[in-house]
Amino acid sequence: MKILITRFSSIGDIVLTFPILRCLKIQVPSSEIHYATKIQFKELLTASEYIDRQYFLENSLKDLIKALRKEKYDLIIDLHNNLRTLQISSALGVKTLRFPKLNFKKWLLVNLKVNKMPNLHLVDRYFQAVKTLGVVNDGKNNTFFISPENEIDIKKQFNLSPKSYIAVVIGAQFSTKRIPLDKLIEILSGINYPMVLIGGKTDKIVATELCRNLTEKEIYSACGDFNILQSASIVKQSKAVLTNDTGMMHIASCFSLPITTVWGNTSSAFGMSAYTPENNSEIFNFEVQDLACRPCSKIGFQKCPKGHFKCMELQDALLISQQINEGI
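Residues numbered from 1 in each chain as written. Predicted model: local features only at pLDDT ≥ 70, side-chain atom pairs only at ≥ 80, totals over all residues. Heavy atoms only, no water.

Caption draft 1: Here's a closer look at the overall build of the chain. Regarding its fold elements, the chain presents 14 helices and eleven strands. With respect to the principal axes defined by its C-alpha atoms, the chain has extents near 60 × 50 × 35 Å. The long-range fraction of contacts in the chain, counting pairs at least 24 apart against all pairs at least 6 apart in sequence, stands at 68%. Of the accessible surface of the chain, which amounts to about 14,500 Å², a share of 49% is contributed by carbon and sulfur atoms. (Helix = DSSP H or I, 4+ residues; strand = E, 2+ residues; numbered from the N terminus. Contact = heavy atoms within 4.5 Å. Areas by Shrake-Rupley, 256 points an atom, 1.4 Å probe, with all protein chains shown as cover.)

In structure tokens, the structure reads:
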């Protein structure tokens, strides 16, 4: 059976589709799995053992559809369920299975603060799309593949031994998901282990300020110097992870590490917390409770709509650093 999986964004959502790929490959041995996503997420898929062929949205949807038509798929599994994926299904004329997106329930939570979301992780909602195939969740942790050329020699790069440091993910696409600099300084000043900062090129300024303000700490910046697979390698070799609600949190959850997540304007109630069914006791979520304006978005903003950013500024820095020190 030739199957096309569609999911165009974002990093975390794509990573959370990987349990579906694994279970399809194992439980439907005849399956040939192709995956279509945006070109900027190519690195996430290149090393996967569960994907037989990849297609990328680069210039136009029309070009992608033209290429996909040649494959003559037996089935499409739409794990995005948006306008583009609907267009693909319509153009290919192939039977399509989709997952429940629950947009109205998300709207209720964001706009009216009425939580009607099921107590169900996004991964389990993805599995609802394939239940008619007899494919079920195997209950195992997620898997993230890193090609050998992207594995980082921690000793060579930072003069650190594997499992001796904390990976601190400071990057996120939206500002309201990021721990602000002053709060980061408070949290990191209480951590009793060496630290490696993880982020992109846009996070270099914050990383420089952290290193400048925490001279008494053994702290290194990996921001902007490594691709996403190399950054994942650094995270994989860490002792524990401190992170925002971001794609790297979902990658970190593939490595059976203690993960401490600091939530800003978003909420774990959306079913997007770290996915670790085999070691849930090692996941620690910090969310400011009883804040009338939170969650203000299911994704994020570049600035707090209220101007006060209480969802981050009211986080207990001491409690977070204590949890990291005691939880590993």
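Caption draft 2: Up close: the nonpolar core. Grouped together as the largest cluster of nonpolar side chains are 65 residues, with contacts concentrated most on Phe144 and Ile234. Every residue in contact with phenylalanine 144, bar those within four places of it in the chain, is listed here: Val15, Phe18, Leu44, Leu229, Ala232, Ile251, Cys254 and Phe255. Membership of the second largest hydrophobic core comes to 29 residues, among which are Ile170, Leu214, Val288 and Ile320. (Core = buried A, V, L, I, M, F, W, Y, C linked by side-chain atoms within 4.5 Å. Buried < 20%, exposed > 50% of the residue type's maximum accessible area, 1.4 Å probe, protein only.)

Caption draft 3: Region of the structure containing the packing of helix α9 (residues 181-189) against helix α10 (residues 204-213). Between α9 and α10, the shortest axis-to-axis distance is 10 Å and the interhelical angle comes to 45°. The angle between α9 and α10 falls in the class oblique. Of the two possible hands of crossing, α9 and α10 adopt the one that is right-handed. Contacts between α9 and α10 involve Leu181, Leu184, Ile185 and Leu188 on the former and, on the latter, Val206, Glu209, Leu210 and Asn213. (Axes fitted to C-alpha atoms, helices over the stretch in contact; angles between N-to-C directions. Parallel < 35°, antiparallel > 145°, perpendicular 65-115°, else oblique. Left-handed = near helix turned anticlockwise from the far one by under 90°.)

Caption draft 4: Region of interest: the sheet that holds strand β4 (residues 75-78). A sheet is described by the order of its strands in space; here five strands give the open sequence β3-β2-β1-β4-β5, paired in parallel fashion. Unpaired on one side and paired on the other, β3 (53-57) and β5 (96-98) mark the two borders of the sheet. Each neighbouring strand pair of the sheet contributes to a mean axis angle of 20°, computed without reference to strand direction. Of the strand pairs in this sheet, strand β2 (residues 32-38) and β3 are connected by five bridges, and their pairing is parallel. Bridge pairing links lysine 38 to leucine 57 in β3. Contacting β1 (2-6) and β3, helix α4 (residues 61-69) runs over the sheet at an angle of about 160° to β3. The sheet contacts of helix α5 (residues 83-92) involve β1, β2, β3, β4 and β5, and relative to β4 the element is tilted by about 170°. (Pairing = 2+ DSSP bridges.)

Caption draft 5: Just the side chain of serine 233, in detail. On the secondary structure map, serine 233 appears in helix α11 (residues 228-236). When neighbours within four sequence positions are excluded, serine 233 is seen to be in contact with Ile146, Asn150, Glu151 and Ile152.

Caption draft 6: Seen up close, the packing of aromatic side chains. The tally for this structure, following the rule as stated, stands at seven aromatic pairs. Ring plane angle 70° and centroid distance 5.5 Å describe the contact between tyrosine 50 and phenylalanine 145, whose orientation is recorded as edge-to-face. On the criterion of sequence distance, the pair formed by tyrosine 50 in the loop between α3 (42-45) and β3 and phenylalanine 145 in the loop between α7 (122-128) and α8 (154-158) is long-range, its members being 95 residues apart. The pair formed by tyrosine 50 and phenylalanine 145 is uniform in burial state, with each residue classed as buried. Arranged with centres 5.1 Å apart and planes meeting at 75°, the rings of phenylalanine 99 and tyrosine 126 form a pair that is edge-to-face. Here the residue phenylalanine 99 occupies a position in the loop between β5 and α6 (103-112), and tyrosine 126 occupies one in helix α7, the gap between them amounting to 27 residues. Accessibility assignment for this pair places phenylalanine 99 and tyrosine 126 in one class, buried. (Phe/Tyr/Trp six-rings, centres within 6.5 Å; stacked < 30°, edge-to-face > 60°.)

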